[in-house]
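Chains, contacts and geometry: an overview
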Amino acid sequence: VKHNRRLANWDAYEAEVVELTAALVQVDTSNPASDPTGQPGNETGCAEILAARFEADGIETEIIEPAPGRGSVVARLRGSGDGPSLLLFGHLDVAPAANPELWTYPPFSATVEYGEMWGRGTVDMKSLVAQEAIALLYFAREGLPLSGDLMFASVADEKTRGPHGAQHLLRARPETVTAPYVVNEGGGFPVRLGDARAYVIDVAERGMMWLDIEVRGRAGHSSMPGSADNALVKAAEIASKLARHEPRHTAIPLVRRFLASMLQHQFGPGGDAVADLWFKRPNGRAIGQALVPDPRHRGGFDAMLGPTLSPTTLSTTGYVNVVPDAASLGCDCRFLPGQGRAEIYEELQRAGLELDAVEITEISYYEGSESPIDNPFYQALAETLGEVAPAWPVEPFLLPTASDSTLLRNNGSIVYGFQPVTPSDGRAVQRVHQVDERLSLDSIKFGADALIRVGQRVLGTPLPPD
Ligand SMILES: [Zn+2]
């Protein structure tokens, strides 16, 4: 049995991955900037830290900076050319930490306390960037033979969908981010559903459409509201309708398989039927509430069942003593792979929005994406999880959020979200974009170890037998 066998010379690398994660977290790469007057990103600070480490070990590396401060870093270890290449991908920017006073420790301090590292980016995703860098350094320093190339790319500007990052590299330097197999953020963590548990590999993600819904009314003096038609109130009523709406569910094969498999732990063969019931309106709602009583957890499962409409911003221009004649409502609409505009407009109408009565502008639109799982790369990830967390089943998973994975899948790569944390650290994932984001030091080490095992499997240098 090969479980938990330590990698050669691993102690020094464990210390280094923790230290490198901290060094990256301590560079404030908020995008947009935490302080509204500041510059977004400033990812070059992180790119330089990584490039210096790679160069010190003689690894081919380059910083690509399409705009001042917006640097991405790429690196490559050449293989013999006898196998497919593996790209370890990531992003260097983080969500803003707008209210630092709410944090237990300053968000860019990378304070280590109670065995955890606290700070913005510890989970999303500077720990994975550090783990990927350590994997590259491990292969270089240990002189392990490679069949395909082991590539590294950590990019700027993921939070605004990559005009300075992934999109720029795909357009201007496609060779730096093109590989048959790509590891990115978004999976590799433990999930629980009732008594069932599994490690998930993210193989697909949802699409998104951000809308600005412009609502018109009639201005008037706010001392005589009856003579005006208040656009703010109309927009607020629309927001309320959209938020209360229950979109139709669709059982895409990936999600149906995931839920059925999880539910079989609890209900045996009947798990299949329970999964089907969950997709059905109106009773599916009761099923969801029974299976996942905590609404904070249920939101993640709901998002796998169908589209979501999420009104997020509401603004008017004017003064407190003027009834506004216009209001602007922002809505973040997400949908399953294979769905698109048609499904969202249908749900907007079903929610009671009269499309003729408002003016809708699309701020952005990206379809979802999915990678197949019948290939040696998926096998390598699943076998690795089986090795580092032997008691846990592994399931392919739909990521409810969005990442750069879709851009890379559209570029022809098989992309999986794979950022393993320890079995007891599943909650860390729920703190992404939140106050007190933090990750255990054990998870930081655990993920680096797992990535190296993946590299050994994919690039043809498996661990020698016991
Ligand atoms: Zn991320």
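Cut-offs used in this document
- Residues numbered from 1 in each chain as written.
- Predicted model: local features only at pLDDT ≥ 70, side-chain atom pairs only at ≥ 80, totals over all residues.
- Heavy atoms only, no water.
- Helix = DSSP H or I, 4+ residues; strand = E, 2+ residues; numbered from the N terminus.
- Rg over C-alpha atoms; globule rule 2.2 N^0.38 Å.
- Buried < 20%, exposed > 50% of the residue type's maximum accessible area, 1.4 Å probe, protein only.
- Contact = heavy atoms within 4.5 Å.
- Axes fitted to C-alpha atoms, helices over the stretch in contact; angles between N-to-C directions.
- Parallel < 35°, antiparallel > 145°, perpendicular 65-115°, else oblique.
- Nonpolar A, V, L, I, M, F, W, Y, C, P; charged D, E, K, R; others polar.
- Salt bridge = Lys/Arg side-chain N within 4 Å of Asp/Glu carboxyl O.
- Polar contact = N/O pair within 3.5 Å; in protein donor to acceptor, adjacent residues only side chain to side chain.
- Pairing = 2+ DSSP bridges.
- Core = buried A, V, L, I, M, F, W, Y, C linked by side-chain atoms within 4.5 Å.
- Donors = N, O, S within 2.8 Å, 3.2 Å for Na, K, Ca; no water.
- Tetrahedral: all angles 85-135°; square planar, octahedral: opposite > 155°, others 65-115°.
- Expected span 1.5 Å × (residues − 1).

Attention now moves to the overall build of the chain. When helices and strands are counted, the chain shows 13 helices and 19 strands. Over its C-alpha trace the chain gives a radius of gyration of 23 Å, about what one expects of a compact globule, namely 23 Å for 466 residues. Overall size of the chain, expressed as C-alpha extent along the three principal axes, is 80 × 55 × 40 Å. Residues counted as buried form 55% of the 466 residues belonging to the chain. Considering only residue pairs separated by 6 or more positions, the chain has 78% of its internal contacts joining residues 24 or more positions apart.

For any two helices packed against each other, one specifies the crossing angle of their axes together with the interaxial distance. Direction vectors running N to C along helix H6 (residues 253–267) and helix H9 (residues 295–305) enclose 140°, while the axes themselves pass 9 Å from each other. Classified by the angle their axes make, H6 and H9 are oblique. Packed against H6, whose contacting residues are Val 255, Phe 258 and Leu 259, the element H9 presents Phe 301, Met 304 and Leu 305 at the interface. Among the residues making up the contact of H6 with H9, the classes are represented as six nonpolar, no polar and no charged.

It is worth spelling out the pattern of salt bridges at this point. Summed over all chains, the structure comprises 30 salt bridges. Note that Glu 60 and Arg 78 form a salt bridge whose closest N and O atoms lie 2.8 Å from each other. With Glu 60 in strand S1 (residues 60–64) and Arg 78 in the loop between strand S2 (72–77) and strand S3 (86–91), the pair connects residues that are 18 residues apart, well separated along the chain. Given the relative accessible area of 39%, Glu 60 is considered partly exposed. The salt bridge partner of Arg 350 is Glu 347, with a shortest N-O separation of 2.9 Å. Of the two residues, Arg 350 and Glu 347 are both situated in helix H10 (residues 341–350); the distance of three residues between them amounts to about one turn of the helix. On the basis of relative accessibility, which here comes to 3%, the residue Glu 347 falls in the buried class. Several salt bridges converge on common partners, so that one network encompasses Glu 16, Glu 19, Arg 53, Asp 57 and Arg 141.

Within the element layout of this structure, Thr 178 appears in the loop between helix H4 (166–172) and strand S7 (181–184). For Thr 178, a relative accessible area of 37% gives the class partly exposed. Sequence-wise, Thr 178 and Arg 409 are 231 residues apart; in three dimensions their C-alpha atoms are separated by 9.9 Å. In contact with Thr 178, not counting residues within four places along its chain, are Met 151 and Asn 411. Only 2.5 Å separates the side chain of Thr 178 from the backbone oxygen of Pro 174, close enough to count as a polar contact. Of note is the side chain of Thr 178, whose polar atom sits 3.0 Å from the side chain of Asn 411.

Here the focus is the sheet that holds strand S15 (residues 358–366). Ordered in space as S12-S14-S10-S15, the four strands form an open sheet in which the pairing is antiparallel. Only two strands of the sheet have a single neighbouring strand rather than two, namely strand S12 (308–315) and S15. Shown here is a sheet whose adjacent strand axes are inclined to one another by a mean of 20°, direction ignored. Looking at chain direction, strand S10 (residues 207–216) and S15 are connected through eight bridges and run antiparallel. Bridged to Glu 214 within S15 is Glu 359. The sheet contacts of helix H5 (residues 231–244) involve S10, S12, strand S14 (326–335) and S15, and relative to S14 the element is tilted by about 15°.

Looking now at the nonpolar core. Formed by 96 residues in total, the largest nonpolar core has its most connected members in Leu 50, Leu 86, Leu 259, Trp 278 and Phe 377. Among the elements that take part in this core, helix H3 (residues 126–141) stands out by supplying 10 residues, more than any other. Setting aside its immediate chain neighbours within four residues, Leu 50 contacts Leu 20, Leu 24, Val 73, Leu 92, Val 129, Ala 133, Phe 152 and Ser 154.

Around the zinc ion, the donor atoms from the protein are His 91 (NE2), Asp 124 (OD), Glu 185 (OE) and Glu 185 (OE), and they sit 1.9 to 2.6 Å away. Angles of 54 to 149° at the metal separate the four donor atoms of the zinc ion, which places the site in the irregular class. Between consecutive donor residues of the zinc ion, the sequence gaps follow H-x32-D-x60-E. Within this pair, whereas His 91 is found in strand S3, its partner Glu 185 is found in the loop between S7 and strand S8 (190–193), the two being separated by 94 residues in sequence.

A word on helix H1 (residues 10–25). Along an α-helix, residues three or four apart share an orientation, since each turn contains 3.6 residues. Its 16 residues give H1 an end-to-end C-alpha distance of 23 Å, which sits within 8% of 22 Å, the value for a rise of 1.5 Å per residue. The buried count for H1 comes to 12 of 16 residues, which makes it a mostly enclosed element. Considered for burial, the residues of H1 that qualify are Trp 10, Tyr 13, Glu 14, Glu 16, Val 17, Val 18, Leu 20, Thr 21, Ala 22, Ala 23, Leu 24 and Val 25.

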